[in-house]
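Residue-level structure breakdown
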Amino acid sequence: MTLLDSAIVRLLPAVPKPVVRRLSSRYIAGPRLEEAVRVVQAANAAGKLATIDVLGEEISDEAAATAIVEAYEDVFTEIERRRLKSNVSVKATGLGLALGYDLCRANLERVVAHAASSGNFVRVDMEDASTTDDTLALYRDLRGAGYDNLGVVLQASLRRTLDDVHALADLRPSVRLCKGIYIESTAIQFRDYEQVRASFVQALDALLAAGAYVAIATHDEWLIERTLERVTELGRDAYEFQMLLGVRPELGDRLVADGHRLRIYVPFGEHWYRYSLRRLQENPALAGAVARDTLGRLLTRGV
Ligand code: FDA
């Protein structure tokens with residue numbers, strides 16, 4: 001990232017919301033479920049699976065958390081009705097974690113039970129480090145209650161992740177492994193790019209050794225290469241790659257053409273702002289995008 005990009009990343013929260021919305025539109029299916037359905041249908045037609053995410057996090061009232069649960073129920077109805085090849089991703093704070101563990105657990109169980117009734121699967125995204133313990137506890141809790149259609153996420157940038165892999169091993173978990181987008185203190189997080197990569201590979205090895213189903217969620221070609229070196233002798237059903245909507249689709253096309261399973265993360269909904277900021281903050285071409293957007297608007301105004 002250039003110095004200009006880093007400066008713009010810091011200033012992003014001050015950028016007007018309509019500009020953020022325009023710049024981030026490639027990362028989000030749209031405000032409504034029907035838009036997510038169309039994106040998933042296109043991905044499926046291109047040989048890609050999907051995971052649908054109802055946008056919404058850090059929910060602080062019970063009714064809003066219930067609305068998110070209901071939105072997921074609508075998602076499952078559409079997945080079944082349209083025979084979409086898609087599961088769902090949820091966030092604990094979207095299901096009310098800030099209001100209490102028990103409420104969140106009840107909401108998550110409702111979503112997972114609904115998924116189970118149609119043979120579908122739910123993955124709990126991993127959010128900032130203040131939620132890691134609770135998110136892993138929710139996972140263990142519901143697996144203990146007999147829900148095998150539930151997966152979790154581990155973040156390679158956290159120093160604790162290898163310990164978490166070992167702690168989860170008895171569950172033969174389904175784990176999405178990613179670098180981790182949230183900035184934490186250096187006491188608990190690797191910041192160095194190569195250290196994060198090394199931690200990713202270590203966690204991947206430990207997960208494969210534990211017999212976990214691993215979803216390798218990255219657009220980093222170096223990590224994809226390291227993964228391919230490791231999974232060639234495993235069956236194609238033992239792992240999948242995952243990528244975000246709007247990020248490096250050509251890389252995904254290559255994996256699909258080579259016969260690998262690839263799942264695209266498809267977020268939709270009205271609560272698009274926080275997710276959009278995170279995606280823009282990691283876009284290496286951010287400064288160029290902001291400059292083009294600004295220039296485009298000035299030109300259309302005829303200034
Ligand atoms: P890296 O950031 O090094 O990117 C590699 C290359 O990909 C870049 O050089 C660039 O070419 C391209 N790229 C990456 N991001 C881009 C962007 N926004 N716009 C344009 N190009 C971009 N995190 C988390 O903390 N909890 C979670 O639950 C999840 N869930 C999740 C699901 C899925 C399916 C994916 C792919 C990712 C996540 N993440 C996540 C996010 C993850 O932690 C990480 O922040 C991003 O994937 C970016 O890291 P990469 O591994 O892609 O490497």
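First, a word on what this report is: a plain description of the structure on this page. Treat the numbers as computed from the prediction; the structure is a model and nothing was measured.

Quick look at helix 9 (residues 221–231) now. Residues of helix 9 that are buried: Leu223, Ile224, Arg226, Thr227, Leu228 and Val231. For helix 9, the N-terminal capping position is held by Asp220, with its side-chain oxygen 3.0 Å away from the main-chain nitrogen of Trp222.

A few words on the packing of helix 6 (residues 132–144) against helix 7 (residues 161–168). Where helix 6 meets helix 7, the closest approach of the two axes is 12 Å, and the angle between their N-to-C directions is 15°. Viewed along their axes, helix 6 and helix 7 adopt a mutual orientation that is roughly parallel. For helix 6 against helix 7, the interelement crossing comes out right-handed. Facing Thr132, Leu136, Tyr139 and Arg140 of helix 6, the residues of helix 7 in contact are Asp164, Ala167 and Leu168. Among the residues forming the contact of helix 6 with helix 7, the class breakdown is four nonpolar, one polar and two charged.

This paragraph deals with the side chain of Asp53. If you trace the backbone, Asp53 turns up in strand 1 (residues 49–54). Buried and unpaired, Asp53 has Lys91 as its nearest opposite-charge partner, separated by 4.1 Å. Excluding residues that lie within four positions of it along the chain, Asp53 makes contacts with Tyr72, Ser89, Lys91, Asp125, Tyr265, Val266, Pro267 and Phe268.

What follows concerns the pairing of strand 5 (residues 174–178). For strand 5, a buried count of five out of five residues is recorded, marking the element as mostly surrounded by other parts of the structure. The two faces of strand 5 match: Ser174, Arg176 and Cys178 on one face and Val175 and Leu177 on the other face are all buried. Sheet analysis places strand 4 (residues 150–155) next to strand 5, joined by four bridges and oriented parallel. Looking at the pairing, Leu154 lines up with Leu177 of strand 5. Looking at chain direction, strand 5 and strand 6 (residues 213–217) are connected through four bridges and run parallel. When the bridges of strand 6 are listed, Arg176 appears paired with Ala215.

Another aspect to go through is the site of the ligand. If you check the shell around the ligand, you find 27 residues, and the closest are Tyr27, Gly180, Tyr193, Thr218 and His219. Between the ligand and the protein, one listed contact pairs an oxygen atom with a backbone N or O atom of Gly180 at 2.6 Å. Taking Glu282, its side chain carries an N or O atom lying 2.7 Å from an oxygen atom of the ligand. Look at the ligand: alone it shows 930 Å² of surface, and the protein chains cover 88% of it. Looking at the shell around the ligand, the elements that each hand over two or more residues are strand 4, strand 5 and strand 7 (239–244). For the shell around the ligand, the element with the most residues is strand 7, which contributes three residues. When its residues are assigned to classes, the shell around the ligand shows 13 nonpolar, six polar and eight charged.

Conventions and cut-offs
Residues numbered from 1 in each chain as written. Predicted model: local features only at pLDDT ≥ 70, side-chain atom pairs only at ≥ 80, totals over all residues. Heavy atoms only, no water. Buried < 20%, exposed > 50% of the residue type's maximum accessible area, 1.4 Å probe, protein only. Helix = DSSP H or I, 4+ residues; strand = E, 2+ residues; numbered from the N terminus. Polar contact = N/O pair within 3.5 Å; in protein donor to acceptor, adjacent residues only side chain to side chain. Axes fitted to C-alpha atoms, helices over the stretch in contact; angles between N-to-C directions. Parallel < 35°, antiparallel > 145°, perpendicular 65-115°, else oblique. Left-handed = near helix turned anticlockwise from the far one by under 90°. Contact = heavy atoms within 4.5 Å. Nonpolar A, V, L, I, M, F, W, Y, C, P; charged D, E, K, R; others polar. Lys, Arg positive; Asp, Glu negative; His and termini not counted. Salt bridge = Lys/Arg side-chain N within 4 Å of Asp/Glu carboxyl O. Pairing = 2+ DSSP bridges. Near = heavy atom within 4 Å. Areas by Shrake-Rupley, 256 points an atom, 1.4 Å probe, with all protein chains shown as cover.

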